[in-house]
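Architecture at a glance
Residues per chain are reported as follows:
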Amino acid sequence: MKHVFVNLAVFKAAWTAVVISAAAGAPVIGVIAVALAVGIHLWSCENPDAEIRLLLAAASLGLAWESILVLAGVLNYPSGNWMPGLAPYWIVAMWILFATTLNVGMRWLRRSTAVAAAAGAIGGPLAFFAGSSVGAVELASPAIALTCIGIGWAVMLPLLVRLAIQLENNHSLVEQSA
């Protein structure tokens, strides 16, 4: 139980650092916080290889999804843009950071696909609303943006949870056969 609280506390601290530093125009500070959080997570987890795969999958999914939202004009990120039309590096780091919670602090999402979908539909828009309130992200039309984000997260969060389970199960099978 202690590990759950540490995982969530580290996540929240790094999340706050990312949002505040992005809003201040210095997103690299938040990315450093994510790197530290990922290091703590990988050091403390039982299966770093599977976790790294999960984090990379989350980064890829996040880059694709956030870039679609940017290209569609739904979101605008004032800082951290590395290429026009692509999501900024700090939001991709945020996806990696979130993935560090899937097997620990947010393990309860495994209860059912519906639970994960509902959590994504509610939590995704709330996080973006919070980010927009401090200036880290601009929502072209808040109602449309938050609806798109909610739908996207309702689909993607269950996929990430399922991937986390699959990677964990694959690791268990490899350990049993060794």
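As the structure is a computational prediction, the values presented were derived from the model and not from experiment. (Residues numbered from 1 in each chain as written. Predicted model: local features only at pLDDT ≥ 70, side-chain atom pairs only at ≥ 80, totals over all residues. Heavy atoms only, no water.)

As for helix H2 (residues 27-44)
Helix length check: H2 (18 residues) gives 26 Å between terminal C-alpha atoms against 26 Å at 1.5 Å per residue, within 8%. Listing the buried residues of H2 in full gives Pro27, Gly30, Ala33, Val34, Ala37, Val38 and His41. Buried positions in H2, seen along its axis, are confined to an arc of 140° and lie on one side of it. Facing away from the buried side of H2 by more than 90 degrees, the exposed set consists of Ile29, Ala35, Leu36 and Trp43. (Helix = DSSP H or I, 4+ residues; strand = E, 2+ residues; numbered from the N terminus. Expected span 1.5 Å × (residues − 1). Buried < 20%, exposed > 50% of the residue type's maximum accessible area, 1.4 Å probe, protein only. Arc of directions from axis to C-beta.)

Some thoughts on the confidence of the model for the protein
Do not read the predicted coordinates in detail wherever pLDDT is low. The predicted model of the protein averages 94 in pLDDT, with 94% of residues at 70 or higher. Taken element by element, the predicted model of the protein shows its lowest mean pLDDT in helix H6 (residues 142-177) (88) and its highest in helix H4 (residues 89-99) (98). (pLDDT = per-residue confidence, 0-100.)

Re the packing of aromatic side chains
Per the counting criterion, the structure on display carries 5 aromatic pairs. Both rings, one in Phe11 and one in Phe98, keep their centres 6.2 Å apart while their planes meet at 70°; by these two values the pair is edge-to-face. Of the two residues, Phe11 is situated in helix H1 (residues 2-23) and Phe98 in helix H4; the sequence distance between them amounts to 87 residues. Both residues of the pair, Phe11 and Phe98, belong to the buried class. On the numbers, 5.4 Å between centres and 90° between planes, the contact of Phe98 with Trp153 is edge-to-face. (Phe/Tyr/Trp six-rings, centres within 6.5 Å; stacked < 30°, edge-to-face > 60°.)

Describing the packing of H2 against helix H3 (residues 48-71)
Remark: H2 packs on H3, axes separated minimally by 9 Å, with the N-to-C direction vectors making an angle of 145°. Remark: the crossing between H2 and H3 carries right-handed chirality. The segment H2 lies against H3, with Val38, His41 and Leu42 engaging Pro48, Glu51, Ile52 and Leu55. Partitioned by chemical class, the residues of the contact of H2 with H3 number 5 nonpolar, 1 polar and 1 charged. (Axes fitted to C-alpha atoms, helices over the stretch in contact; angles between N-to-C directions. Left-handed = near helix turned anticlockwise from the far one by under 90°. Contact = heavy atoms within 4.5 Å. Nonpolar A, V, L, I, M, F, W, Y, C, P; charged D, E, K, R; others polar.)

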